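# Structural description and commentary
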Amino acid sequence: MSQNRSSFHLGRRILATIAILVGFKIFTAGSSLYMDPLNELRKLVLPHNPQQLELFGTDLPYELVNEYFVKLVGALFILAGVLIFNEKRRLGSTLLITAVVFSIMTRSNPWL
């Protein structure tokens, strides 16, 4: 019984470490990886929209919005890894699944 429990804790810590490392990679260099798929998605959904997004009275370029969104996904990976490492498995796994679904949905994800 003790062997199974220690294996479970080791596996959870390895998963958390991998999530933190992937999140750090996406947070630091993910904008160059995800910029093309997110721009294609914007052009598909908003074909006649200008190059800037008017948000709260300011004009933000879509590239900046995409960069912030990618940093948010990287932060989700990191936060999920930290939560799983600290035995907050329910919230951590929910955040990890959310971040992984985004990575799977985009054409250029870091695992391909």
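Residues numbered from 1 in each chain as written. Predicted model: local features only at pLDDT ≥ 70, side-chain atom pairs only at ≥ 80, totals over all residues. Heavy atoms only, no water.

Within the chain one finds three helices and two strands. When the helices and strands of the chain are listed from N to C terminus, the series reads α-β-β-α-α. Relative to its full complement of 112 residues, the chain shows a buried share of 29%. Looking at the chain alone, contacts between residues at least 24 apart form 62% of all its contacts between residues at least 6 apart. With the model as given, the accessible surface of the chain reaches about 7800 Å², and the carbon-plus-sulfur share is 67%. (Helix = DSSP H or I, 4+ residues; strand = E, 2+ residues; numbered from the N terminus. Buried < 20%, exposed > 50% of the residue type's maximum accessible area, 1.4 Å probe, protein only. Contact = heavy atoms within 4.5 Å. Areas by Shrake-Rupley, 256 points an atom, 1.4 Å probe, with all protein chains shown as cover.)

What follows concerns the environment of His-9. Along the chain, His-9 falls in helix α1 (residues 2-45). Linking His-9 and Phe-85, residues 76 residues apart in sequence, is a C-alpha distance of 9.0 Å. In this structure the side chain of His-9 is engaged in a polar contact, spanning 2.7 Å, whose partner is the side chain of Arg-12. (Polar contact = N/O pair within 3.5 Å; in protein donor to acceptor, adjacent residues only side chain to side chain.)

Within the structure shown, the criterion is met by one salt bridge. Here Glu-87 ties to Arg-12 by a salt bridge, and the two come within 3.4 Å at their closest N and O atoms. You can see Glu-87 sitting in the loop between α2 (62-85) and α3 (89-105) and its partner Arg-12 sitting in helix α1, a full 75 residues away along the chain. According to the relative accessible area criterion, Arg-12 is buried, its value standing at 5%. (Salt bridge = Lys/Arg side-chain N within 4 Å of Asp/Glu carboxyl O.)

Positive phi, close to 65°, is recorded for Glu-87, a residue that is not glycine. By relative accessible area, Glu-87 is classed as partly exposed at 46%.

Bringing α2 into the picture now. In a regular helix each residue adds 1.5 Å, so 24 residues correspond to 34 Å; α2 covers 35 Å between its end C-alpha atoms and thus fits that length. Taken together, the buried positions of α2 are occupied by Tyr-62, Asn-66, Val-70, Val-73, Gly-74, Leu-76, Phe-77, Ala-80, Gly-81, Leu-83 and Ile-84. Positive backbone phi, approximately 65°, marks Glu-87, located one or two places after α2. (Expected span 1.5 Å × (residues − 1).)

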